[in-house]
Amino acid sequence: MNDFRPPPLAGAVAAHLEALVLEGVLRPGDRLAPERELAARLGVSRPSLREALALLEQKGLLASSRAGTVVADFLAPLSAPLAGLFGSSPRIGQDYFEYRRLIEPQAAALAASRITAPERAALQDCLARMEAAHRHAAPAEEAEADLQLHLLVHEASHNLVLLHVLRVFAGLLKRGILFSHEQYWQRDALRGEILAQHRAIGAAILAGDAAAAEAAMRAHILATEAAFLQLRAEAARTDASLRKQEREGLLAEEG
């Protein structure tokens, strides 16, 4: 029986890169440096690097193409079935917010206690991009910064389970499976409220105040859920009005 066993150096390189993927340092869609450059940075030969990359491709963590080697969307096998299940459930929005109320305040508290200098800089940059998008009335950019901020909070929590579960949800949000994330950013008043909430979350985490970060995140989730329920109620009223109009076209004219 011929088992595939990479050389010791290749195995060490693969383990190092795998750890970076697990910790969220390397993210799905990230393109790795060219082979020669990457081998030099890692201090290994190109044959050893090729063996390491091949091993990670076999595990489904990397994918190669003419454009180079990229971190694979390794969560897709999980998120695709969930998209089908969640997309057919009318209650998923409320259940999703219930989950967030239970989890995200604690993630924010952990982030305030564990955030590192690089994560602090990334969070500050994200908040600055959100502010700029708000000033320029760019809802799509502001929505993208919103998702990124929550991912950064989970990264700073240094809890790998929290991080990767949120990444699954982030992908579903972008596809509109859980609810229409973009609807929040099409209303100026709501955008202003969400920006203020994100400022409070960021300030508490950057100050290292776990209790304030937890409270700010909980307030944000509750406010976002209330807006969701309001938007859904408005959509239901609109649908009812449209059905009434449809009725008129379905009935025979009297006379």
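Residues numbered from 1 in each chain as written. Predicted model: local features only at pLDDT ≥ 70, side-chain atom pairs only at ≥ 80, totals over all residues. Heavy atoms only, no water.

## A closer look at the overall build of the protein
Applied cut-off: For the purposes of this entry, the term helix denotes a DSSP run of H or I that reaches at least four residues, the term strand denotes a run of E that reaches at least two, and both are numbered from the N terminus. Burial classification: accessible surface area is computed with a 1.4 Å probe over protein chains only, and a residue below 20% of its type maximum counts as buried, one above 50% as exposed, and the rest as partly exposed. Whether two residues are in contact is decided by their heavy atoms: any pair within 4.5 Å suffices.
Scanning the protein for helices and strands turns up 10 helices and two strands. Residues classed as buried in the protein amount to 38% of the 255 residues present. Sequence separation of at least 24 residues holds for 72% of the intrachain contacts in the protein that already meet a minimum separation of 6.

## Description of the layout of surface pockets
Operational definition: Using a grid of 1 Å spacing that covers the protein atoms alone, one calls a set of points a cavity when a 1.4 Å probe fits there but cannot get out, and a pocket when the set is open and has protein on both sides within 12 Å along at least five of seven lines; lining residues are those with an atom within 4 Å of a point. Grid points are joined across faces, edges and corners, and a volume is the space filled by probe spheres set on the points. All amino acids are sorted into three groups, where Ala, Val, Leu, Ile, Met, Phe, Trp, Tyr, Cys and Pro are nonpolar, Asp, Glu, Lys and Arg are charged, and the leftover types, Gly among them, are polar.
Each pocket or cavity is described by its volume, and for the largest pocket that value is around 410 Å³. The wall of the largest pocket is formed by 18 residues, among which P28, R167, A170, G171 and K174 lie closest to the centre. At the level of secondary structure, the elements contributing two or more residues to the lining of the largest pocket comprise α4 (76-87), α7 (139-157) and α8 (160-174). In terms of residue count, α8 provides more of the lining of the largest pocket than any other element does, six residues in total. Here the residues of the lining of the largest pocket sort into eight nonpolar, three polar and seven charged.

## Quick word on the nonpolar core
Heads up, the condition is: Residues belong to one nonpolar core when they are buried, are Ala, Val, Leu, Ile, Met, Phe, Trp, Tyr or Cys, and are joined through side-chain atoms within 4.5 Å.
Ranked by size, the top nonpolar core spans 40 residues in total, and within it L149, V153, L172, Y184 and I205 carry the most contacts. For this core, the secondary-structure elements that each account for two or more residues are α4, α5 (92-114), α6 (117-135), α7, α8, α9 (188-206) and α10 (210-250). When residues of this core are assigned to their parent elements, the largest contribution, seven residues, is made by α10.

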